[in-house]
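Residue-level listing of the chains:
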Amino acid sequence: MATSASSKLSKAVKQQYMELPQGGKVQAMYIWIDGTGEGLRCKTRTLDCEPKTIEDLPEWNFDGSSTYQSEGSNSDMYLVPAVMFRDPFRKDPNKLVLCEVLKYNHKPAETNLRASCKQIMGMVEQHHPWFGMEQEYTILGTDGHPFGWPSNGFPGPQGPYYCGVGADKAYGRDIVESHYRACLYAGVQICGTNAEVMPAQWEFQVGTCEGINMGDHLWMARFILHRVCEDFGVVVSFDPKPISGNWNGAGCHTNFSTKEMREAEGLKVIEESIERLAKRHMYHIRAYDPKGGLDNARRLTGHHETSNIDEFSAGVANRGASIRIPRTVGQEKRGYFEDRRPSANCDPYIVTEALVRTCLLKEEDDEPTDYNK
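Just so it is clear, the structure is predicted and the values come from calculations on it, not from any experiment.

Engineer: Before we move on, could you go through the overall build of the chain and cite the residues and values that matter?
Structural biologist: Looking only at helices and strands, the chain features ten helices and 13 strands. Against the compact-globule benchmark of 21 Å for 373 residues, the chain has a radius of gyration of 21 Å, which places it among compact chains. With the principal axes as the frame, the chain shows a C-alpha extent of 60 × 55 × 40 Å. Out of the 373 residues belonging to the chain, those deemed buried represent 50%. For the chain, the accessible surface area stands at approximately 17200 Å², while carbon and sulfur atoms represent 50% of it.

Engineer: Report on the UniProt feature "domain: GS beta-grasp" (unreviewed entry) in the chain, specifying residues and quantitative values.
Structural biologist: In this structure's numbering, the residues bearing the UniProt feature "domain: GS beta-grasp" (unreviewed entry) are residues 24-106. Helix makes up 0% of residues 24-106 and strand 47%, whereas the separation of the span's terminal C-alpha atoms amounts to 33 Å.

Engineer: So, the UniProt feature "domain: GS catalytic" (unreviewed entry) in the chain: which residues are in play, and what are the values?
Structural biologist: UniProt feature "domain: GS catalytic" (unreviewed entry): in the numbering of this structure it lies at residues 113-373. Across residues 113-373, helical content stands at 34% and strand content at 17%; the span's end C-alpha atoms are separated by 18 Å.

Engineer: Can you lay out the nonpolar core for me, pointing to particular residues and giving the numbers?
Structural biologist: Core analysis: the largest hydrophobic core is formed by 68 residues, its most contacted members being Tyr-137, Val-188, Met-220, Ile-224, Phe-256 and Phe-337. With ten residues, helix H4 (residues 213-232) is the largest single contributor of residues to this core. Here this core spans two domains, and each of domain 1 (21-111) and domain 2 (121-360) adds at least three residues to it. If we ignore the near neighbours within four places in the chain, the residues touching Met-220 are Ile-31, Phe-85, Leu-96, Leu-98 and Val-188. Within the second largest apolar cluster, 14 residues are counted, among which are Phe-62, Met-77, Leu-79 and Val-97.

Engineer: Go over the pairing of strand S2 (residues 40-47) with me, naming the residues and quoting the values.
Structural biologist: On a regular strand, one side chain projects to one face of the sheet and the next to the other, so that they alternate. Both strand S1 (residues 26-33) and S2 contribute to a ladder of eight bridges, which runs antiparallel. Bridge pairing in S2 links Val-26 to Leu-47. Here S1 folds back onto S2, and the loop between the two strands holds six residues, one of which, Gly-37, carries a positive phi near 80°.

Engineer: Can you tell me about a nonpolar patch on the surface, naming the residues and giving the values?
Structural biologist: Together, Val-13, Tyr-17 and Leu-20 line one region of the surface with nonpolar side chains, adding up to about 320 Å² of accessible area. The topology assignment puts Val-13 in helix H1 (residues 11-18). Under the relative-accessibility criterion, Val-13 is labelled partly exposed at 41%.

Engineer: Now, about the layout of surface pockets: what can you tell me, with residues and values included?
Structural biologist: Here the largest pocket defines a volume of roughly 600 Å³. Lining of the largest pocket is provided by 21 residues; of these, Pro-88, Phe-89, Arg-90, Lys-91 and Asp-231 occupy positions nearest its centre. Those elements giving two or more residues to the lining of the largest pocket turn out to be H1, helix H3 (173-186) and H4. A per-class count over the lining of the largest pocket returns nine nonpolar, three polar and nine charged.

Engineer: Please set out the packing of helix H6 (residues 267-279) against helix H10 (residues 348-359) residue by residue, giving values where relevant.
Structural biologist: Contact pair H6 / H10: the axes reach a minimum separation of 9 Å and the direction vectors enclose 105°. What the angle tells us is that H6 and H10 run roughly perpendicular. Contact residues: H6 offers Ser-273, Arg-276 and Leu-277, while H10 offers Leu-355, Thr-358 and Cys-359.

Rules of the game
Residues numbered from 1 in each chain as written. Predicted model: local features only at pLDDT ≥ 70, side-chain atom pairs only at ≥ 80, totals over all residues. Heavy atoms only, no water. Helix = DSSP H or I, 4+ residues; strand = E, 2+ residues; numbered from the N terminus. Rg over C-alpha atoms; globule rule 2.2 N^0.38 Å. Buried < 20%, exposed > 50% of the residue type's maximum accessible area, 1.4 Å probe, protein only. Areas by Shrake-Rupley, 256 points an atom, 1.4 Å probe, with all protein chains shown as cover. UniProt positions renumbered as here; feature names shortened; annotations may be inferred. Core = buried A, V, L, I, M, F, W, Y, C linked by side-chain atoms within 4.5 Å. Domains from an automatic or database assignment. Contact = heavy atoms within 4.5 Å. Pairing = 2+ DSSP bridges. Patch = residues over 30% accessible without salt bridge, like charges linked within 9 Å, V, L, I, M, F, W, Y side chains within 5 Å. Salt bridge = Lys/Arg side-chain N within 4 Å of Asp/Glu carboxyl O. 1 Å grid on protein atoms, 1.4 Å probe; cavity = no way out; pocket = protein on both sides within 12 Å on 5 of 7 lines; lining within 4 Å. Points joined across faces, edges and corners; volume = space filled by probe spheres on them. Nonpolar A, V, L, I, M, F, W, Y, C, P; charged D, E, K, R; others polar. Axes fitted to C-alpha atoms, helices over the stretch in contact; angles between N-to-C directions. Parallel < 35°, antiparallel > 145°, perpendicular 65-115°, else oblique.

So this is what it looks like as structure tokens:
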């Protein structure tokens, strides 16, 4: 099992330094999405006092030519603080700061999908859109081999691992527990976790979050998971199909409701929304992974609890459908639905934005409407 060299450094020695007083200063780690639309970057600055609101945090900059976001001849990019969390690694009063990235002309960078999402969510505030996202991931060694798998073979077939207990069924629970507690400390709206169908594959859930908060909290939960895995010397993968063959892929099932769906007879509103989603299937497929559907094509095969990427389907309690209506929702005739198409490496900002555009703004075209014209 290949682990990083850094993880073998003495944590006891590090702790001696981490216990030193900070002299009244605060460390703020600025975090942003890089030019891949999947990777996260971070760097830290010192503040003279603890920030109480996001307005207390200054804008900053970075070299975009080293993050796939600009050319070297015009490389300065701006970091604009968007949301602040407690830092579970350095602890209080230190902060984690999720930022938007702006180009030299102060327009959103290509992979800054938060800016558009925030605008769209602002247009539908009266509907109170709620989201919950189920983030699946796979733990890998630094050599890319799944954690706990035999070095020259495969574990036993799928079956005993989902929500499994025991050293031969649950691979890497220490990482999962550490991540869960770190998210709670930080203030991330994490609401659960479980082992998944493939060994070394896990899931955590974030929600219920309203509007833009969904993307903010899921991205921060991902960052914290990357950092926890770094401490353990392993790697987290959000690839939607990390192991080919008869193994489950990894998705980010997205649960969605509006005020109208949650009220009496809300099932009618849910069904109307599903009809709209059916007519706009390929728009959503393009939005649901960073490569416009190419990543999801490896996962959405119609097998391993997925729908076929080329076909839209919906059903009550059907985990092989594009859209699943939970059985309790069908019985109570109100609630929410689950979109099972988003890939594990999706950007939650564009996923939630797409659902709002189709279901609430009632867009029908193959491309999103530009409301700035």
